[in-house]
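Here's the letter readout for the chains.
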Amino acid sequence: MKRSAAEIVREYGPFAGIEAVHGVTYDGKHVWFASGDKLNALDPADGKIARSIDVAAHAGTAFDGRHLFQIAEDRIQKIDAATGKVLGTIPSPGAGGDSGLAWAEGSLWVGQYRERKIHQVDPETGKILRTIESKRFVTGVTWVDGELWHGTWENEESDVRRIDPETGKVLEQLDLPAGTGVSGLESDGGDQFFCGGGGRGNVRAIRRPRRS
Amino acid sequence: MESLITAAARALEAGDPLGALNRIALRNDAPSLALRGIAMAQLGDLAKAKTLLRSAARAFGPREAVARARCVVAEAEIALVSRDLNWPMKALAAARATLEKHGDLANAAHAGHIEARRLLLLGRPDEAERTLAELGALILPPASQVVRELVVAGIAIRRLRTKEARAALGRAAGAAHLARIPALAAEVESASLVLDTPAARLIARGKERPLLLGEVEALAASKALVVDTFHYSVRNGGIFVSLGTRPVLFALARHLAQSWPADVSREALIAAAFRARHADESHRARLRVEMGRLRAKLKPLADVTATKQGFALTPHKTRDVLVLARPIEEKHAGILALLSDGEPWSSSALALALDTSARTVQRALDELARSSKVQFFGHGRARRWMTPPVPGFPTGLLLPAPLLKT
């Protein structure tokens, strides 16, 4: 396992009126983040919030190319990114104990925080297709280039780690500075991750290690 | 954090404990137990709240020291509000240290405020002030600022510094407005009432009138000879004679002062000091002895002279004698004063705060209960005493918002 300190590229926020960041995703232009009763579109170029959608947003956030998915209480809402309208909901696999959310390969991937699990879920029905065990409390989940990464957060200690999707084995780990939390994780498709900073109400961009 | 926990925590912060319970009522994981505990505390079931918070503290794993410490702080606050003053303060101090170590300064400050409030209730304003000073001048969230200023005001009120108290209460009201928690604003308002409600009575030349706290403060600078029934003392300027351990001498001094410049008959003094209805020769002899003792005690301040009828007071340096008395003279005024905060007290907490024996307090409470001046609920050690409730009295439980930040 490769282990190193996370390289923080940039910090966004905290933002006025936003107490905490609960989930993060990226639509190719904006970083969307969940702040309790809103989904906010942050422009990573200028660090400003371009628009917000009024919708319950308590945990993970994901984007499938057209729709935003947002966990609220014990369900996953499917939201039209253009209009902000909630198109439908499915039950969340952790019945409310859910935290991270990602979209990849036609499935939703949902972190179940205290159970230290990641579920692969059918986005139409909410059926659990399979479950990956992690070693730490799971917060954010993301897929990039066939790699499964997730954030962990236990008692003011956080890291971002790549795990083997078959076995759950940790392959690589990026430690965040002590006292920071990771709530929400999303890759920008390139060499960066966006992480939610939990109760600090900020979003951080960190470097994804290059493959040699 | 987790979705439902976030939703429930937000409901709690918005002052909707039932909404929070709706979301997590059936869950028994550690964060749910903690939130259920806080919701129950807000709903007034402090016993249930305490049990839930204790289970939550146990359920959090060894890696979750911060969450565990927050539970301890919440439990300590519930103990304070239920006037369980014997609650282990060491655990609170340890929790405070943990929170400080992990950079959760807002909750660490909250823990410090709870310690200071307890010290204030126990009548130890100096230690309360030291505890506040240890916390330093942190920038706190508005709800915590309110608590801090309430403690500052409480210390100032106990030291009779009304200007300081008023300034602190003004800052508290401003912070309560920012915090947008109605219970906090109500608590500040009821604390402010203290300054505008008579705190004492002034008795001079056989007449009496109510005094506000500010007027009591002004009295400290007066040139008069003051017999102070709050501190069982007689003072004039810088000279201070304590009669706290001499109740008979104090009763005599007080009656002489109340009638001043007239004298008081032997019969009246015997009735007042010895609680004897008919004065016989042995009472007269005892009165002479006690008057001799009083004369010796008051020597720096006044003469006690015999008259045809009885005795009279002649102050040395002033032409004025005043008695500062409690607003309502009750036999058990001390207990009633503590209970007037509207919270349920255990008899042991009352004994601790009054620095007297539990037996004495128990006897007084039984007597007050017979005349319906106090009421109790619960049995055995769990029995709590309170004055008949005032409608809308706030619970004083301020824990929710600062506790829930992740």
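Calculation criteria
- Residues numbered from 1 in each chain as written.
- Chains lettered and ligands numbered in written order.
- Predicted model: local features only at pLDDT ≥ 70, side-chain atom pairs only at ≥ 80, totals over all residues.
- Heavy atoms only, no water.
- Helix = DSSP H or I, 4+ residues; strand = E, 2+ residues; numbered from the N terminus.
- Buried < 20%, exposed > 50% of the residue type's maximum accessible area, 1.4 Å probe, protein only.
- Contact = heavy atoms within 4.5 Å.
- Areas by Shrake-Rupley, 256 points an atom, 1.4 Å probe, with all protein chains shown as cover.
- Pairing = 2+ DSSP bridges.
- Axes fitted to C-alpha atoms, helices over the stretch in contact; angles between N-to-C directions.
- Domains from an automatic or database assignment.
- Buried area = accessible area lost by both parts, 1.4 Å probe.
- Salt bridge = Lys/Arg side-chain N within 4 Å of Asp/Glu carboxyl O.
- Parallel < 35°, antiparallel > 145°, perpendicular 65-115°, else oblique.
- Nonpolar A, V, L, I, M, F, W, Y, C, P; charged D, E, K, R; others polar.
- Arc of directions from axis to C-beta.
- Polar contact = N/O pair within 3.5 Å; in protein donor to acceptor, adjacent residues only side chain to side chain.

In the annotation of an unreviewed UniProt entry, chain B is listed under the name HTH domain-containing protein and assigned to Bradyrhizobium daqingense.

Looking at an unreviewed UniProt entry, one finds chain A named Putative pyrroloquinoline-quinone binding quinoprotein, with Bradyrhizobium daqingense as its source organism.

Draft legend 1. Expanded view of the overall build of chain B. Each helix and strand in chain B was counted, giving 19 helices and 11 strands. Taken over the C-alpha atoms alone, chain B extends approximately 85 × 40 × 35 Å along its principal axes. Every one of the 406 residues in chain B was classed for burial, and the buried ones make up 49%. Once local pairs closer than 6 in sequence are excluded, the contacts in chain B between residues at least 24 apart make up 57%. In the structure as shown, chain B presents an accessible area of about 19,600 Å², 56% of it carried by carbon and sulfur atoms.

Draft legend 2. The arrangement of the sheet that holds strand S8 (residues 310–315) of chain B in detail. All names here are of chain B. Taken in spatial order, the three strands line up as S6-S8-S7 in an open sheet, and their pairing is antiparallel. Only two strands of the sheet have a single neighbouring strand rather than two, namely strand S6 (264–265) and strand S7 (302–306). As defined by bridge partners, S6 adjoins S8 across two bridges and the pair is classed as antiparallel. Looking at S8, one finds that Ser-265 is bridged to Gly-310. Of the strands in this sheet, S6, S7 and S8 are in contact with helix H13 (residues 247–259), which crosses S8 at around 75 degrees. Sitting on the sheet, helix H15 (residues 281–298) is in contact with S7 and S8, with an inclination near 160 degrees to S7.

Draft legend 3. Seen up close, the domain arrangement of chain B. All names here are of chain B. According to the domain assignment, chain B consists of domain 1 (1–104 + 391–406), domain 2 (201–325) and domain 3 (344–386). Here the C-alpha centre of domain 3 lies 28 Å away from the C-alpha centre of domain 1. At the interface, six residues of domain 1 touch seven residues of domain 3. When domain 1 packs against domain 3, close to 520 Å² is buried across both sides, 57% of that on carbon and sulfur atoms. Ranking the residues of domain 1 by area buried against domain 3 places Arg-83, Leu-85 and Asn-86 at the top, with a combined share of 73%. Joining domain 1 to domain 3, the criterion identifies zero salt bridges.

Draft legend 4. Geometry of the pattern of salt bridges. Counting across every chain of the model gives 37 salt bridges over all chains. A salt bridge links B:Arg201 to B:Glu208; the shortest N-O distance between them is 2.8 Å. Across the salt bridge formed by B:Asp228 and B:Arg235, the nearest N and O atoms sit 3.2 Å from each other. Among the residues examined, B:Asp228 registers a relative accessible area of 2% and is labelled buried. In the salt-bridge network here, residues are joined through shared partners; they are A:Arg116, A:Arg136, A:Glu154, A:Glu157, A:Asp159, A:Arg161 and B:Arg63.

Draft legend 5. Representation of the packing of H13(B) against H15(B). All names here are of chain B. Two elements in contact, H13 and H15, have axes whose closest approach is 10 Å; the angle formed by their N-to-C orientations is 80 degrees. As judged from the angle between their axes, H13 and H15 are roughly perpendicular. Residues Val-248, Leu-249, Leu-252, Ala-253 and Leu-256 of H13 touch H15, and the partners they reach there are Arg-286, Leu-287, Glu-290, Met-291, Arg-293, Leu-294 and Lys-297. Along the lines of polarity and charge, the residues of the contact of H13 with H15 split into eight nonpolar, no polar and four charged.

Draft legend 6. Layout of helix H8 (residues 125–135) of chain B. Residue and element names in this part refer to chain B. Among the residues of H8, those classed as buried are Pro-125, Ala-128, Thr-131, Leu-132 and Leu-135. Here the buried residues of H8 occupy an arc of 120 degrees about the axis, which is enough to place them on one side. H8 presents Arg-130, Ala-133 and Glu-134 as exposed residues on the side facing more than 90 degrees away from its buried surface. On its buried side, H8 packs onto helix H6 (89–101), helix H7 (105–121) and helix H9 (142–158). Where H8 terminates, the next one or two residues include Gly-136, which has phi positive at roughly 70 degrees.

Draft legend 7. Representation of the interface of chain A and chain B in the model. Residue-level contacts link 26 residues of chain A with 23 residues of chain B. It is A:Glu73, A:Arg114 and A:Asn155 in chain A that bury the most area against chain B; as a group they hold 31% of the surface buried on that side. A salt bridge links B:Arg10 to A:Asp37, with the nearest nitrogen and oxygen atoms 3.4 Å apart. Joining chain A to chain B, the criterion identifies nine residue pairs in polar contact (both at pLDDT 80 or more). Looking at the side of chain A that touches chain B, the elements with two or more residues in it are strand S5 (36–43), strand S8 (67–72), strand S11 (98–104) and strand S16 (147–154) of chain A.

Draft legend 8. How the structure looks around the environment of A:Pro93. Residues and elements named next belong to chain A. Among the secondary structure elements, Pro-93 is positioned in the loop between strand S10 (86–91) and S11. Residues Pro-93 and Thr-83 lie 10 residues apart in sequence; the distance between their C-alpha atoms is 27 Å. In this structure Pro-93 touches Ile-76, Asp-98, Val-110, His-119, Val-121 and Ile-128, once residues within four positions along its chain are discounted.

Draft legend 9. Region of the structure containing the sheet that holds strand S14 (residues 128–133) of chain A. Residues and elements named next belong to chain A. The strand order S11-S12-S13-S14 describes an open sheet built from four strands, whose pairing is antiparallel. Bordering the open sheet on either side are S11 and S14, each of which pairs with just one other strand. Taken pair by pair, the neighbouring strands of this sheet meet at an average axis angle of 20 degrees, ignoring direction. Of the strand pairs in this sheet, strand S13 (residues 117–121) and S14 are connected by five bridges, and their pairing is antiparallel. Bridge pairing in S14 places Lys-117 opposite Glu-133.

Draft legend 10. The pairing of S13(A), seen in detail. Residue and element names in this part refer to chain A. Most of S13 is tucked away: four of the five residues are buried. Alignment of strand S12 (residues 107–112) against S13, held across five bridges, turns out to be antiparallel. In the sheet register, Val-110 faces S13, and the bridge partner there is His-119. Joining the antiparallel neighbours S12 and S13 is a turn of four residues, in which Arg-116 adopts a positive phi near 55 degrees. Counted between consecutive antiparallel strands, the loop separating S13 from S14 contains six residues, among which Gly-126 sits at a positive phi close to 85 degrees.

Draft legend 11. Structural context of the pairing of strand S20 (residues 192–196) of chain A. All names here are of chain A. Burial of S20 is extensive: five of the five residues sit out of reach of the surface. Of the two faces of S20, the one lined by Gln-192, Phe-194 and Gly-196 and the one lined by Phe-193 and Cys-195 are each fully buried. Of the pairings in the sheet, the one linking strand S19 (residues 185–187) to S20 comprises three bridges and is antiparallel in character. Across the sheet, the residue bridging to Glu-186 is Phe-194, located in S20. Linking S19 back to S20 in an antiparallel pair, the connection comprises four residues, with Gly-189 at a positive phi of about 85 degrees. Sheet analysis places S20 next to strand S21 (residues 203–207), joined by five bridges and oriented antiparallel. In the strand pairing of S21, Gln-192 is matched with Arg-207. In textbook terms, the turn of a hairpin is the stretch between consecutive antiparallel strands, and for S20 and S21 this stretch comprises six residues, one of which, Gly-198, has a positive phi near 60 degrees.

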